[in-house]
Amino acid sequence: MREETAVALLSDLHIGRQSETYNYEIFCKRLEAWASTVGNLINLQRKAHPIKHLVVCLLGDIVQGERVERQMSLEELEFPVMQQITNANRMLTDAIRSL
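Here goes a summary of the coordinates provided. (Residues numbered from 1 in each chain as written. Predicted model: local features only at pLDDT ≥ 70, side-chain atom pairs only at ≥ 80, totals over all residues. Heavy atoms only, no water.)

### Notes on the packing of aromatic side chains
Here is step 1: Under the defined criterion, the tally for this structure stands at 2 aromatic pairs.
Here is step 2: Aromatic pair Tyr-24 and Phe-27: ring centres 5.8 Å apart, planes at 35°, arrangement tilted. Residue Tyr-24 and its partner Phe-27 are located together in helix 1 (residues 24–46), separated by 3 residues, close to a single helical turn. Each member of the pair Tyr-24 and Phe-27 is classed as buried.
Here is step 3: Look at Tyr-24 and Phe-79: their rings are 5.5 Å apart centre to centre, the planes differ by 80°, and that puts the pair in the edge-to-face class. (Phe/Tyr/Trp six-rings, centres within 6.5 Å; stacked < 30°, edge-to-face > 60°. Helix = DSSP H or I, 4+ residues; strand = E, 2+ residues; numbered from the N terminus. Buried < 20%, exposed > 50% of the residue type's maximum accessible area, 1.4 Å probe, protein only.)

Next comes the structure, spelled out in structure tokens:
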């Protein structure tokens, strides 16, 4: 059987953004659900094909940043950009390693 490579996409995480419906805690829960779903799909596909590699495409807007525009106020920033990057690195590394 030919070896296959799994591909998973992640985008628009906006780590560091805070609103009535979104914050870091919600991001963490969604990332955990994403990793669980990707892991389940890979394991399901492994029954038919040997999958040895995973490519995760990070498509943009991973962190919120600190640029305040007309549609965003400072109150919508949960933490500064350096903490956004640190949290993104830690959480994405953990999620991908869990696969």
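### Let's talk about the pairing of strand 2 (residues 51–58)
Here is step 1: Relative to strand 2, strand 1 (residues 4–10) runs parallel, the two being bridged by 7 bridges. Opposite Val-7, over in strand 2, you have Val-55 as the bridge partner. (Pairing = 2+ DSSP bridges.)

### Notes on the environment of Trp-34
Here is step 1: Residue placement: Trp-34 occurs in helix 1.
Here is step 2: For Trp-34, a relative accessible area of 15% gives the class buried.
Here is step 3: Between the C-alpha atom of Trp-34 and that of Ala-95, which follows or precedes it by 61 residues, the distance is 8.6 Å.
Here is step 4: Those residues within four positions of Trp-34 in sequence are excluded, and the remaining contacts are Ala-8, Leu-9, Leu-10, Val-56 and Leu-99. (Contact = heavy atoms within 4.5 Å.)

### Notes on the side chain of Asn-87
Here is step 1: Locating Asn-87 in the fold gives a position in helix 2 (residues 81–97).
Here is step 2: Since its relative accessible area comes to 6%, Asn-87 is described here as buried.
Here is step 3: Discounting residues that sit within four places of it in the chain, Asn-87 has contacts with Ile-15, Tyr-24 and Phe-79.

So yeah, pure geometry; function would need other evidence.
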